[in-house]
Structure formats: C-alpha cells, structure tokens
Amino acid sequence: MTDDIVASVVRQWQAVIPGLDTGPMELIGRINRCAALLQQAEDAPLRAAGLTRAEFDLLGAMRRTDRELTPGELARETFSSGAAVTKRLRVLQDAGLIGRRSDDRDRRVAHVGLTEAGRELVDRLLPEQLAYERSVLSGLDEETRSGLSGQLGELLVQLEGRLGGARR
C-alpha cells in the first residue's frame, strides 16, 4: 500500500478496531484528498486572471455550449446552487465578461452570454489552464492517467445514476 495520509489513517483505524473493512475509506478518502489538494493549488492561471475555478466553470459552460444559458441551466452545467451562480454571475457581469438579457416572453427569465471580452478570455485561458493541469499530473505516465480517468469515469456514471447527480 502506498504510504500516503490515507494509508496512515487506515492503519490507525485498524489498530483501534482490528478487522474493520476500510476499503471504502481507502478509495473515497483518496479521491477526497486529491480533490482538496487540487483545490488548494488554486489553479494558478485562473488566479492570475483574477478568476476562481467556479467563475471559470461558468464562463466555460457558456463557451462550450456556444449559446446563451439561463442561470438554472448554468447551475445544472456546473453542479452549483442557484444562489452561488447568481453571485458569480454578478461578479462576471461587473467584470464585463458576460451580458444578461431578459426573455422576450417571460421577463423573470434571464439569458446569460459571453461578451467578446469573456470569449477572448476563455479562449486564452483554457490552453494555459490545461497546460497547468497537465503539469500537475506530470508524475503519472499516459497509461496510468488514461486508466485512472476511465475508472473514475465508471465510478462517476455509477454515482450519478445512484445518487441522482446526473446532469441531464
């Protein structure tokens, strides 16, 4: 077993409760720890551009769908709460990266789209962010990365189906 923080925690639990099946903790604990460390890294290119990962995710959703989205659609696309999306959209609008317009038929519905500055920023930042992420993963060879990605994809499909987190 790899000598990481989760391995240490597992050894402690097994010393206190011998025979305890820590298998789920070993996998989920490592996934959670990796996620926490990746979040701590704060995505250097995004930070340098004055964006958070969550804000960039909203911009990215609008860019990759290449259309205006409602705040509700953005919440679903980014797995965020409506309140969090509203707050982030306000920041992005103040920065001139997005624009809003009311629906012609229902004024309560807003449509949000990238401004030219927002589109240019995403197109500039995405390659930088991917290069940064590639460097974060550089300790793993391509076969390992591909295998891990596939296995995590299988887990994600299973969890989305079982826990109701599917996007569509």
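Placed above this text is the structure.
All values derive from a computational prediction rather than experimental measurement.

Q: Hey, could you run me through the pattern of salt bridges in this one?
A: Pairing is possible between side chains that carry opposite charge, provided their charged atoms lie close to one another. Scanning the model with the defined rule gives 13 salt bridges in all. Put simply, Arg-11 and Asp-3 hold a salt bridge, and the shortest N to O gap is 3.2 Å. The exposure class of Asp-3 is exposed, given its relative accessible area of 63%. With a shortest N-O distance of 3.8 Å, Arg-53 and Asp-57 are connected by a salt bridge. Highlighted residues: Arg-53 and Asp-57, both in helix α4 (residues 53–65), separated by 4 residues, approximately one helical turn. A relative accessible area of 30% means that Asp-57 is categorised as partly exposed.

Q: Looking at this structure, how should I read the side chain of Asp-103?
A: Counting through the fold element by element, Asp-103 comes out in the loop between β1 (98–102) and β2 (110–114). In this structure Asp-103 is buried but unpaired, with Arg-105 as the nearest side chain of opposite charge at 4.2 Å. A distance of 2.8 Å separates a polar side-chain atom of Asp-103 from the backbone nitrogen of Arg-105. Only 2.7 Å separates the side chain of Asp-103 from the side chain of His-111, close enough to count as a polar contact. Ignoring any residue separated from it by four or fewer positions in sequence, one finds Asp-103 in contact with Val-109 and His-111.

Q: Please explain the pairing of β2 as it appears in this structure.
A: Here is the key point about a regular strand: its side chains alternate between the two faces of the sheet. Extensive coverage of β2 is indicated by the burial of 5 of its 5 residues. Of the two faces of β2, the one holding Ala-110, Val-112 and Leu-114 and the one holding His-111 and Gly-113 are both buried throughout. The pairing of β1 with β2 spans 5 bridges and is classified as antiparallel. Looking at β2, one finds that Gly-99 is bridged to Gly-113.

Q: When you look at a nonpolar patch on the surface in this model, what are you seeing that I'm missing?
A: On the surface, Leu-27, Ile-28, Ile-31, Leu-38, Val-136, Leu-137, Leu-140, Leu-148 and Leu-152 cluster together into a nonpolar patch covering about 720 Å² of accessible area. Among the elements of the structure, α2 (23–40) and α8 (142–163) are those that each provide at least two residues to the nonpolar patch. Top element by residues in the nonpolar patch is α2. It accounts for 4 residues. Tracing the sequence through the fold places Ile-28 in helix α2.

Calculation notes
- Residues numbered from 1 in each chain as written.
- Predicted model: local features only at pLDDT ≥ 70, side-chain atom pairs only at ≥ 80, totals over all residues.
- Heavy atoms only, no water.
- Salt bridge = Lys/Arg side-chain N within 4 Å of Asp/Glu carboxyl O.
- Buried < 20%, exposed > 50% of the residue type's maximum accessible area, 1.4 Å probe, protein only.
- Helix = DSSP H or I, 4+ residues; strand = E, 2+ residues; numbered from the N terminus.
- Lys, Arg positive; Asp, Glu negative; His and termini not counted.
- Polar contact = N/O pair within 3.5 Å; in protein donor to acceptor, adjacent residues only side chain to side chain.
- Contact = heavy atoms within 4.5 Å.
- Pairing = 2+ DSSP bridges.
- Patch = residues over 30% accessible without salt bridge, like charges linked within 9 Å, V, L, I, M, F, W, Y side chains within 5 Å.
- Areas by Shrake-Rupley, 256 points an atom, 1.4 Å probe, with all protein chains shown as cover.

So, to be careful, I would describe these as geometric facts and stop short of saying anything about function.
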